[in-house]
Amino acid sequence: MKQARNRIIVALTVLLIPAGGLLAENPCKALRQFEIAAAGIGLPTTGAVVTGASHHREGDAGFCTVMGRIHPVDATADDIRFQLNLPDDWNGKALQYGGGTFDGYLAVANGRGRTAVGVKDAPTPLARGYATFGSDSGHHTSYFPLPDAINAVSPGFARNKEMAQNFAGDALKKVHDVAVALMVRRYGDAPRRMYFIGGSTGGREALKVAQRYPMDYDGVMAAYAAWDQIELDLQFIRTAQALYAKGGYLGYAQTRLIQKAVMKACDAQDGLRDGIVSDPEACHVSPASLRCADGASHHGCLSDAQVHTLVTFATPQRTTTPVSDGVDSIPGYNVLAGASLSSATGILPFALHNPVFLFNSFGYVIGDDVLRNFLTVGAHYDARNFDTSTSQPRSADSSLAPGGAGVWHAEVMQQALEVDATNANLGPFVAHGGKLILIHGTEDNIVPTGSSIDYYHRLQTKMGVDVTARFARLYIIPGLGHGFGRFNAGFDTIGVLDAWVDKGVAPEGLTITDNHSGRTRPLCEYPMYARYEAGDKNVAGSFRCVDSRLANLTAQTEQHSAEK
């Protein structure tokens, strides 16, 4: 099936190549101003054009960087800006990079650097011979003199339907098809293997391509994926409402207080006191233990309002009805089991309206922006007045529709249908031979760690436990946050994925490296975690992967015996 598809792509592309194009003396220069007709792209566009092509070298590796634009159908929408890197010594394979937050800038997805959860000093996929590419997902605005990255937290593009759909997933297919056509133009053949790796929004995009375009990809890795995007946005709003309620703000003193209490109770449970809780499910710290005796605000404890904020972060967001594929919730954060809130609350202890990045909490900024731009609640709507369970204004006098649906319920449902990557039926992807790796850190305070566990369980329910074990792996990494953390983990992402797909070598005995210090740990497959045994604490061989469920059961049994 894939060979037949590649022959079609080659045939279509050859029709677009000027006479003698493949024989050009400078194959990189020959790509300049190359155009691809809309008919050669799998979703509606008005065609694509190469805007620049230049040859570069990094060390011993030479490659051609191709810049281009894919034109929209709606003349008021932005072009999709893309970058494709074509190595001189091509290994016949390609890797698409995912973006981040609202996308909008190319640097994170340009294919020139390491992947999400990659090793800092290792050769990049491009240096190893993979053709690499990515895009801005179809929107970009200049905010000079602010850096280009400001686009990642600027969601005004979503008011344009085509740009919103490109961000939701359409751009992934459009860029894929254009990149393949350019590879055919440069090498005379389509890639024999196609991969996708991304984190956060890029993780959602990784799952989206496996769900929507299963025949186009052979392997994907989704790191700390925002797959349950709408419930996540509602969780952002819900936690912001508690954080910025009267007396509810958690400043640095309070977040450090929480963190110290958790570490005191749970740090040594994995056999090593190193500032990392390796098995969050075994860590049980009661919020009530941090409460001030009279519930008022005092130094060294939490007021009732602050305890409420902590509990809100630690518990699930739920909607009265499912928003997509039966999903009606997203888990809370591991804030009572190792994940710190210190970087998640913002600088100001009060809510700006509209919230401002860095000054207010990241979740408040993103959740508020989604309401005001992806939905039609209005540019000046205050997210603190939104009921995240019912999609109803809290001040509304009108009664709810049957089933607890609020006035914006239909819009929330439609947005979830477009942007979420909740579909667990990966049958076509599996039939194609696709492999999936899921990665999440225990200390993520943006996308809850439990959300990746939830998706993995959804796969097992839908596809069957045995089938899931043949094509998917889930790794929960202690100490890793949202792409950073106390243990800033990295491993050979593309190498592991490629070996599984291309050679049938399933991931086993993997090691992760801390990009901060170089220390190593085993990369344990869920539900296992790395427990310290003996020896050098900085070496993976001193740890053993232990099933957290059995360890927890043993601990509970021992505790019960001691109580007797």
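Whatever comes next refers back to the structure up there.
For the structure given in this document, a descriptive report is provided here.

## Notes on the overall build of the protein chain
Within the protein chain one finds 13 helices and 19 strands. Here the C-alpha radius of gyration of the protein chain, 24 Å, is about what a compact globule of 564 residues would show, namely 24 Å. Overall size of the protein chain, expressed as C-alpha extent along the three principal axes, is 85 × 60 × 45 Å. Partitioning the intrachain contacts of the protein chain with sequence separation of at least 6 by distance along the chain shows that 66% fall at a separation of at least 24. Total accessible area computed for the protein chain in this model is approximately 22,800 Å², and 55% of it derives from carbon and sulfur atoms. When the 49 positive and 55 negative side-chain charges of the protein chain are each reduced to one mean point, those points stand 3 Å apart.

## Digging into the state of the cysteines
Going through the model one piece at a time under the given rule, you end up with 4 disulfides. Here Cys 524 pairs with Cys 545 through a disulfide, and the sulfurs are 2.1 Å apart. Taking the torsion about the sulfur-sulfur bond, which here is approximately -85°, the covalent link between Cys 524 and Cys 545 counts as left-handed. With Cys 524 in the loop between strand 17 (520-522) and strand 18 (528-532) and Cys 545 in strand 19 (residues 543-547), this pair connects stretches of sequence that are 21 residues apart. Cys 524 sits in the buried class, given a relative accessible area of 4%. What connects to what in the protein chain, once the bonded cysteines are numbered by sequence position, is 1-2, 3-4, 5-6, 7-8.

## Considerations on helix 8 (residues 409-419)
Taken together, the buried positions of helix 8 are His 409, Val 412, Gln 415, Ala 416, Glu 418 and Val 419. Contacts made by the buried residues of helix 8 are with helix 2 (161-187), helix 3 (201-212), helix 4 (229-243) and strand 11 (386-387).

## Concerning the packing of aromatic side chains
Counted under the stated rule, the structure contains 19 aromatic pairs. Every member of this aromatic cluster is reached through a ring pair, and the members are Phe 102, Phe 157, Phe 167 and Phe 374. In this structure, Arg 204 packs its charged tip against the face of Phe 167, placed 5.0 Å from the ring centre.

## Some details on the pairing of strand 3 (residues 61-70)
The buried fraction of strand 3 is high, at 8 of 10 residues. Alignment of strand 2 (residues 48-58) against strand 3, held across 10 bridges, turns out to be antiparallel. Residue pairing for strand 3: His 55 is matched across the bridge by Cys 64. Here strand 2 folds back onto strand 3 in antiparallel fashion, the turn holding 2 residues, of which Gly 59 has a positive phi close to 65°. By the bridge criterion, 8 bridges tie strand 3 to strand 4 (residues 80-87) in an arrangement that is antiparallel.

## Some thoughts on the sheet that holds strand 16 (residues 511-514)
Judged by pairing direction, the sheet is antiparallel, and its 3 strands sit side by side in the order 15-16-17 without closing on themselves. Only two strands of the sheet have a single partner each, and these edge strands are strand 15 (489-490) and strand 17.

## A word on the packing of helix 4 against helix 7 (residues 362-373)
Any two packed helices are characterised by the angle at which their axes cross and by the distance between the axes. At a minimum axis separation of 8 Å, helix 4 and helix 7 run at an interaxial angle of 120°. Classified by the interaxial angle, the pair formed by helix 4 and helix 7 is oblique. In terms of crossing hand, the pair formed by helix 4 and helix 7 is left-handed. For the pair formed by helix 4 and helix 7, the contact residues are Asp 233, Phe 236, Ile 237 and Ala 240 on the first element and Phe 362, Gly 363, Tyr 364, Ile 366, Gly 367, Asp 368, Val 370 and Leu 371 on the second. Considering only residue class, the contact of helix 4 with helix 7 consists of 8 nonpolar, 2 polar and 2 charged.

## Concerning the sheet that holds strand 4
The mixed open sheet is built from 10 strands, whose spatial order is 1-2-3-4-6-5-7-8-13-14. Two strands close off the open sheet at either side, each with one partner strand: strand 1 (35-36) and strand 14 (472-477). Both strand 4 and strand 6 (residues 131-135) contribute to a ladder of 4 bridges, which runs antiparallel. Paired with Leu 84 across the strands is Phe 133, a residue of strand 6. Lying over the sheet, helix 3 contacts strand 7 (193-199), strand 8 (219-223) and strand 13 (435-441), oriented at roughly 145° with respect to strand 7. Along the sheet, helix 10 (residues 449-463) contacts strand 13 and strand 14; its crossing angle with strand 13, the most-contacted strand, is approximately 155°.

## Some remarks on a nonpolar patch on the surface
On the surface, Ile 347, Val 356, Phe 357, Leu 358 and Phe 359 cluster together into a nonpolar patch covering about 470 Å² of accessible area. Mapping Ile 347 onto the fold places it in the loop between strand 10 (329-330) and helix 7.

## A short note on unusual backbone geometry
Backbone torsion omega between Phe 144 and Pro 145 reads 10°, so that peptide bond is classified as cis. Take Pro 145: it is sitting in the loop between strand 6 and helix 2. In this structure, Tyr 224 takes a positive phi of about 35° despite not being glycine. As for its placement among the helices and strands, Tyr 224 is situated in the loop between strand 8 and helix 4.

Cut-offs and rules
- Residues numbered from 1 in each chain as written.
- Predicted model: local features only at pLDDT ≥ 70, side-chain atom pairs only at ≥ 80, totals over all residues.
- Heavy atoms only, no water.
- Helix = DSSP H or I, 4+ residues; strand = E, 2+ residues; numbered from the N terminus.
- Rg over C-alpha atoms; globule rule 2.2 N^0.38 Å.
- Contact = heavy atoms within 4.5 Å.
- Areas by Shrake-Rupley, 256 points an atom, 1.4 Å probe, with all protein chains shown as cover.
- Lys, Arg positive; Asp, Glu negative; His and termini not counted.
- Charge placed at Lys NZ, Arg CZ, Asp CG, Glu CD.
- Disulfide = S-S within 2.5 Å.
- Buried < 20%, exposed > 50% of the residue type's maximum accessible area, 1.4 Å probe, protein only.
- Phe/Tyr/Trp six-rings, centres within 6.5 Å; stacked < 30°, edge-to-face > 60°.
- Lys NZ or Arg CZ within 6 Å of the ring centre and 35° of its normal.
- Pairing = 2+ DSSP bridges.
- Axes fitted to C-alpha atoms, helices over the stretch in contact; angles between N-to-C directions.
- Parallel < 35°, antiparallel > 145°, perpendicular 65-115°, else oblique.
- Left-handed = near helix turned anticlockwise from the far one by under 90°.
- Nonpolar A, V, L, I, M, F, W, Y, C, P; charged D, E, K, R; others polar.
- Patch = residues over 30% accessible without salt bridge, like charges linked within 9 Å, V, L, I, M, F, W, Y side chains within 5 Å.
- Salt bridge = Lys/Arg side-chain N within 4 Å of Asp/Glu carboxyl O.

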